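Results of the structural survey
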Amino acid sequence: LPGSDPVQKISIIPRGVGALGYTLQRPTGDRYLMTRDQLEDRLTMLLGGRAAETLRFPSVSTGAADDLQKATDIARSMVVRFGMAAELGPVAYESEPSPFVTSPLPGLPAGPRWYSEATASRMDEAVVRLIEQSLARAKAILERNRELLYVTAQRLLERETLGEEWLSPLAKRVVPAERPGETIARTA
């Protein structure tokens, strides 16, 4: 994806209790701001594992739990902090949480909420819509590149870890998928 950092390594070697593998990406430079497109690309990338599961297996597993949490956190920030939900307007409904102030109970905000239940419901809907659109885009990319998906999966099973030298040429062969509301020009 154009807004994503290049992949340095993919591994299916378990790390710790919950990670059955990992994808290592490093930014090519300092980044202080991210555009909406870059955040959407990040969501799509994070949901790639879940998308691959839905294409290959009859039922999804818990394997994408960490990626789902990260994607949900990004989508929620896009909606409530960055004013990136058109239906809610360019409004920051919440500020960045302070690392020094803790919530009274896990899952509850530390400060007062300045919006209605109806607005909270619209925020939830916007977050779900962003996640669903990104998951659909990830599936579309994988469906268009099914052969590359299978070649990569087979290679991972054989080697357990793939480095940039193998992944970089592969990435150049990927056929992208449109963002919601966008059409990519096709060449014959």
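Keep in mind it's a predicted model, so treat the numbers as computed, not measured. (Residues numbered from 1 in each chain as written. Predicted model: local features only at pLDDT ≥ 70, side-chain atom pairs only at ≥ 80, totals over all residues. Heavy atoms only, no water.)

**Examining the overall build of the protein**
This is how it is decided: Runs of H or I in DSSP of at least four residues are treated as helices and runs of E of at least two as strands, each being numbered from the N terminus. Exposure categories follow from relative accessible area, calculated using a 1.4 Å probe and restricted to protein chains: below 20% of the type maximum is buried, above 50% is exposed, and the middle band is partly exposed. A 1.4 Å probe and the Shrake-Rupley method give the accessible areas. Residues count as covered only by the protein chains that appear here.
In terms of regular secondary structure, the protein is built from six helices and three strands. Reading the helices (α) and strands (β) of the protein from amino to carboxyl end gives β-β-α-α-α-α-α-β-α. Each of the 188 residues in the protein was classed as buried or not, and the buried ones make up 29%. Approximately 12400 Å² of the protein is accessible, and the part contributed by carbon and sulfur atoms is 57%.

**Re the packing of aromatic side chains**
What describes a pair of aromatic rings is the distance from one ring centre to the other and the angle between the planes of the rings. The condition is simple: In this analysis, rings of Phe, Tyr and Trp, with Trp reduced to its six-membered ring, are considered paired at centre separations within 6.5 Å, and the interplanar angle assigns stacked below 30 degrees, edge-to-face beyond 60, and tilted for intermediate values.
Evaluation of the coordinates by the stated rule reveals one aromatic pair. For the pair Tyr93 and Tyr115, a centre-to-centre distance of 5.8 Å together with 85° between the ring planes defines the contact as edge-to-face. One end of the pair, Tyr93, is in the loop between helix H3 (65-80) and helix H4 (117-144); the other, Tyr115, is in the loop between H3 and H4, with 22 residues separating them in the sequence.

**Remarks on the pairing of strand E1 (residues 7-11)**
Applied cut-off: Following DSSP output, two strands are said to pair if at least two bridges run between them.
Examined bridge by bridge, E1 and strand E2 (residues 22-25) share four bridges and lie antiparallel to one another. By the bridge assignment for E2, Lys9 is matched with Leu24.

**Brief notes about helix H2 (residues 48-56)**
The cut-off we apply is this: Residues are treated as being in contact if the distance between any of their heavy atoms lies within 4.5 Å.
Buried residues of H2: Gly48, Arg50, Ala51, Glu53 and Leu55, and no others. Packed against the buried residues of H2 are helix H1 (36-46), H3, H4 and helix H5 (146-159).

**Remarks on the confidence of the model for the protein**
In plain terms, the rule: As a per-residue measure, pLDDT tells how confident the predictor is, with possible values from 0 to 100.
On average, the protein scores 85 in pLDDT, and the residues at 70 or more come to 85%. Per-residue pLDDT, averaged within each element of the protein, yields its smallest value for E2 (84) and its largest for H4 (96). Here residues 183-188 scores under 50 on pLDDT; set against residues more than four positions off or in separate chains, the count is seven contacts.

**Structural notes on the sheet that holds strand E3 (residues 161-163)**
Put simply, the rule reads: Note on geometry: axes are lines fitted to C-alpha atoms, helical ones only across the stretch in contact, with angles between N-to-C directions running from 0 to 180 degrees.
One open sheet accounts for three strands, arranged E2-E1-E3; its pairing is antiparallel. Here the strands that pair on one side only, and so sit at the sheet edges, are E2 and E3. Neighbouring strand axes in the sheet, compared pairwise and without regard to direction, differ in orientation by 10° on average. Running over the sheet, H5 touches E1 and E3 and is turned about 115° from E3. Along the sheet, helix H6 (residues 164-171) contacts E1 and E3; its crossing angle with E3, the most-contacted strand, is approximately 70°.

**Side note on the packing of H3 against H4**
Quick note on the threshold: Oblique is the label for any angle not under 35 degrees, not over 145, and not in the 65 to 115 range, which are roughly parallel, roughly antiparallel and roughly perpendicular in turn. Throughout, a crossing is termed right-handed when the near helix is turned clockwise from the far one, and left-handed when it is turned anticlockwise from it by less than a right angle. All amino acids are sorted into three groups, where Ala, Val, Leu, Ile, Met, Phe, Trp, Tyr, Cys and Pro are nonpolar, Asp, Glu, Lys and Arg are charged, and the leftover types, Gly among them, are polar.
Across the interface, H3 lies against H4 with an axial gap of 9 Å and an inter-helix angle of 130°. Regarding the angle of H3 to H4, the classification is oblique. In the crossing of H3 with H4, the sense of the turn from one axis to the other is right-handed. Listed contacts from H4 to Ala71, Thr72, Ala75, Arg76, Met78, Val79 and Val80 of H3 are Met123, Ala126, Val127, Leu130 and Ile131. Across the contact of H3 with H4, the residue classes break down as ten nonpolar, one polar and one charged.

**Observations concerning the packing of H1 against H3**
At their nearest, the axes of H1 and H3 sit 9 Å apart, and the two run at 160° to each other. Relative to H3, H1 is oriented roughly antiparallel. Regarding H1 and H3, the two cross each other, and that crossing is left-handed. Contacts between H1 and H3 pair Arg36, Leu39, Glu40, Arg42, Leu43 and Leu46 from the former with Asp67, Lys70, Ala71, Ile74, Ala75 and Met78 from the latter. Looking at side-chain class alone, the contact of H1 with H3 contains seven nonpolar, no polar and five charged residues.

**Here's the deal with the pattern of salt bridges**
For the record, the criterion: The salt bridge criterion pairs a side-chain nitrogen of Lys or Arg with a carboxyl oxygen of Asp or Glu, the two atoms within 4 Å.
Counted by the stated rule, this structure contains six salt bridges. Here Glu53 makes a salt bridge to Arg50, at a shortest N to O gap of 3.6 Å. Of this pair, Glu53 and Arg50 both sit in helix H2, three residues apart, which is roughly one turn of the helix. Note on accessibility: Glu53 and Arg50 belong to one class, buried. Close ionic contact of Glu94 with Arg76 constitutes a salt bridge, the shortest N to O distance being 2.9 Å. Taken together, the positions of Glu94 in the loop between H3 and H4 and Arg76 in helix H3 put the pair 18 residues apart, joining distant regions of the chain.

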